[in-house]
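Coordinate analysis (summary)
Here are the chains, one letter per residue:
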Amino acid sequence: MENKKEAISFEVTHVCKQTGARTGILHTPHGDVKTPMFMPVGTLATVKFLSPEEIKEIGSGVILANTYHCWLRPGEDVVQAAGGLQKFMRYDGPMLTDSGGFQVFSLADSRKIKEEGVYFKSHIDGSPLFLSPEKSIEIQNALGADIIMSFDECPPYPATYEYMKNSVERTLRWAKRGKDAHKNPETQALFGIVQGGEYEDLRKYSAEELVKIGFPGYSIGGTSVGESKETMYKMIDYAVKYLPKESVKYLMGVGSTDAILEGVLRGIDMFDCVLPTRIARHGALMTSEGRVNIKKVQYKKDFTPIDKECDCYACKNYTKAYIHHLYRCNEGLGMRLMSIHNLRYLIRLTEQIREAIEQDRFGDFKDEFFKKMNLNSVDSRGF
């Protein structure tokens, strides 16, 4: 029987001789993207405060939308009628949707996990909802992103071995059900998600069983849910070595600078996180000299850019004094400019990482970055 063409393909372009970290190209229906990469989060089919044109201008490739939130508002039927997420929001680049599985974790107070799926209440109006592996895939098929995620449980940390084992088994059954329900494998790539918490044997089992089911890409889930950085890095190590080397690997919900560098060292190709835009809305800026809290009075007459090393629109055109003024007056432009900068900062970091890998000096680059930012502990929170 002739094999069907997969929606995406991935090629490794260079392996750093110093560290084994790698660069690659992810080929998608909406264009090619270089890896390692950071993906801005556009929860409701919008990256907060940024237009699609601005997202492109900062060098973004793939952006992420949230299945659960788009299901409730505006509804997958509306997005499908518009021609899919890209046409709905006027973004012509690749997109990824999560499965709604994280809401199983974040809405823990109002949900019940059963074999058939998850029963919970809407965070908007309290109405009853049900999400199963089949329903998650059905919604994601309608949303039309290039990459979609298997429906999983994101277990809490810490969790007992027994709880985690049962959760992993169920997530694997859900992964198989989701793959069977997937209607668009030639246009949408379905990723499997490795779970297992901090338990090495469960991570190994989860990864190996997912590979047996077969997916064009693999995600590492259940991280950044309260565990230490040291524990998170072990979780990555426990999973990556049992996944195919030729497959693209995605670390879900992780976007601090130190975790990106440590993740790349461990073979991760894709990252996403709400961190850069969330902290921007609270006045925090990522810079080459460390974190800047723009609320502080010391910036009232500071007429220098946010970051003299940055090439973003905000840094090229505005001063810290003006952005301080905007933030203190609660003007939306301030949050917009800070969001542009923080996203560009992380995307620019991944550009520098790719360059260092290609020059076979990623280990030196990582060490220099950690020293400059005083990130000398595996438990540092970075940015």
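Residues numbered from 1 in each chain as written. Predicted model: local features only at pLDDT ≥ 70, side-chain atom pairs only at ≥ 80, totals over all residues. Heavy atoms only, no water.

**Describing the overall build of the protein chain**
Definition in use: Each helix is a run of H or I in the DSSP string that is no shorter than four residues. Each strand is a run of E no shorter than two, and both are numbered from the N terminus. Two things to know: the radius of gyration comes from C-alpha atoms, and the globule rule equals 2.2 Å times the number of residues to the power 0.38. Categorising residues by exposure relies on relative accessible area from a 1.4 Å probe, with only protein chains included: less than 20% of the type maximum marks a residue as buried, more than 50% marks it as exposed, and the intermediate range marks it as partly exposed. Any pair of residues with heavy atoms lying within 4.5 Å of one another is described as a contacting pair. Exposure was quantified through the Shrake-Rupley algorithm and a 1.4 Å probe, taking into account, for residues, occlusion by the shown protein chains and nothing else. Lys and Arg are tallied as positive, Asp and Glu as negative. Neither His nor the chain termini are counted. Every charge is mapped onto a representative atom, which is NZ of Lys, CZ of Arg, CG of Asp or CD of Glu.
Check the secondary structure of the protein chain and you find 15 helices and 16 strands. The C-alpha radius of gyration computed for the protein chain amounts to 20 Å, which stays within 12% of the reference 21 Å derived for 383 residues, consistent with globular compactness. With respect to the principal axes defined by its C-alpha atoms, the protein chain has extents near 65 × 50 × 45 Å. Looking at the protein chain as a whole, 56% of its 383 residues are labelled buried. Pairs at least 24 residues apart make up 67% of the contacts formed inside the protein chain by residues separated by at least 6 positions. In the structure as shown, the protein chain presents an accessible area of about 16600 Å², 49% of it carried by carbon and sulfur atoms. In the protein chain, 51 positive and 51 negative side-chain charges are present, and the distance between their average locations comes to 4 Å.

**What to know about the state of the cysteines**
Cut-off, in case you're wondering: The disulfide criterion is simple: two cysteine sulfur atoms within 2.5 Å.
Tallied over the full model, the rule gives 0 disulfides. Distance from the sulfur of Cys312, which forms no disulfide, to the nearest cysteine sulfur (Cys310) is 3.6 Å. On the basis of relative accessible area, Cys312 is assigned to the buried category, the value being 3%.

**Notes on the packing of aromatic side chains**
This is how the line gets drawn: Any Phe, Tyr or Trp ring, taking Trp's six-membered ring, that has another such ring centre within 6.5 Å forms a pair; planes under 30 degrees apart are called stacked, those over 60 apart edge-to-face, and the others tilted.
Here the structure, examined in full by the defined rule, presents 7 aromatic pairs. Seen from their ring centres, Phe215 and Tyr218 are 6.1 Å apart, and the 85° between their planes marks the pair as edge-to-face. Each member of the pair, Phe215 together with Tyr218, is buried. Note on Tyr318 and Tyr322: the rings are 5.6 Å apart at their centroids and 20° apart in plane angle, and the pair reads as stacked. Residue Tyr322 is classed as partly exposed on the basis of its relative accessible area, which comes to 33%.

**Here we look at the nonpolar core**
What counts here: Take the buried Ala, Val, Leu, Ile, Met, Phe, Trp, Tyr and Cys residues and link them wherever side-chain atoms come within 4.5 Å; each set so joined is a nonpolar core.
Core analysis: the largest hydrophobic core is formed by 93 residues, its most contacted members being Ile353 and Phe362. Residue contributions to this core peak at 12 residues, all from helix α14 (residues 332-358). The residues contacting Ile353, other than those within four sequence positions of it, are Pro36, Ile260, Leu261, Val264, Phe362 and Phe365. Core analysis: the second largest hydrophobic core is formed by 20 residues, Phe10, Val33, Val41 and Val248 among them.

**Overview of a positive patch on the surface**
Here is the rule we go by: The patch calculation keeps residues exceeding 30% relative accessible area without a salt bridge and links them within 9 Å when they carry like charges or within 5 Å when they are nonpolar (Val, Leu, Ile, Met, Phe, Trp, Tyr). Think of a salt bridge as a Lys or Arg side-chain nitrogen and an Asp or Glu carboxyl oxygen that are within 4 Å of each other.
On the surface, Lys295, Lys300, Lys301 and Arg328 cluster together into a positively charged patch. Tracing the sequence through the fold places Lys300 in the loop between β16 (290-293) and α12 (313-317).

**Thoughts on the sheet that holds strand β3 (residues 31-35)**
In plain terms, the rule: Strands qualify as paired when DSSP identifies two bridges or more between them. Helix axes are fitted only over the stretch in contact, all axes being lines through C-alpha atoms; the angle between N-to-C directions runs from 0 to 180 degrees.
The antiparallel open sheet is built from 3 strands, whose spatial order is β1-β2-β3. Only two strands of the sheet have a single partner each, and these edge strands are β1 (9-15) and β3. Ignoring which end each strand starts from, the neighbouring axes of this sheet average 20° apart. Bridge analysis of strand β2 (residues 22-28) against β3 gives 5 bridges, and the strand direction is antiparallel. If you follow Thr28 over to β3, its bridge partner there is Gly31.

**A closer look at the pattern of salt bridges**
Here the structure, examined in full by the defined rule, presents 25 salt bridges. Note that Asp302 and Lys320 form a salt bridge whose closest N and O atoms lie 3.6 Å from each other. With Asp302 in the loop between β16 and α12 and Lys320 in helix α13 (residues 320-328), the pair connects residues that are 18 residues apart, well separated along the chain. Exposure class is identical for Asp302 and Lys320. Each is buried.

**Some thoughts on the environment of Cys312**
Structurally, Cys312 is set in the loop between β16 and α12. In this structure, the C-alpha to C-alpha distance between Cys312 and Asn166, residues 146 residues apart in sequence, is 47 Å. Once residues lying within four places of it in the same chain are set aside, the contact partners of Cys312 are Ile340, His341 and Arg344.

**Some remarks on the sheet that holds strand β9 (residues 128-131)**
Ordered in space as β7-β8-β9, the 3 strands form an open sheet in which the pairing is antiparallel. With partners counted over all chains shown, the strands left at the sheet margins are β7 (111-113) and β9, one partner each. Between one strand axis and the next, the sheet turns through 15° on average, direction left out of account. Note: β7 against strand β8 (residues 118-121), 3 bridges, orientation antiparallel. Directly across from Lys112, in β8, lies its bridge partner Tyr119.

**So, helix α8 (residues 200-213)**
Test applied: Working rule for helices: expected span equals 1.5 Å times residues minus one.
Under the 1.5 Å per step criterion, the end-to-end length of α8 is 20 Å for 14 residues, consistent within 8% with the ideal 20 Å. Gly214 occupies a position one or two residues after α8 and carries a positive phi of about 95°.

**Here's the deal with the side chain of Asp272**
On the secondary structure map, Asp272 appears in strand β14 (residues 270-272). Those residues within four positions of Asp272 in sequence are excluded, and the remaining contacts are Phe38, Met39, Val41, Leu64, Tyr250, Leu251, Met252, Gly253, Val254 and Gly255.

**A closer look at the environment of Leu129**
Considering the arrangement of structural elements, one finds Leu129 in strand β9. With relative accessibility at 13%, the residue Leu129 sits in the buried group. Linking Leu129 and Arg291, residues 162 residues apart in sequence, is a C-alpha distance of 40 Å. Setting aside chain neighbours within four positions, we find Leu129 in contact with Tyr68, Trp71, Leu72, Val118, Tyr119, Phe120, Lys121 and Ser122.

Taken by themselves, the reported measurements are silent on function.
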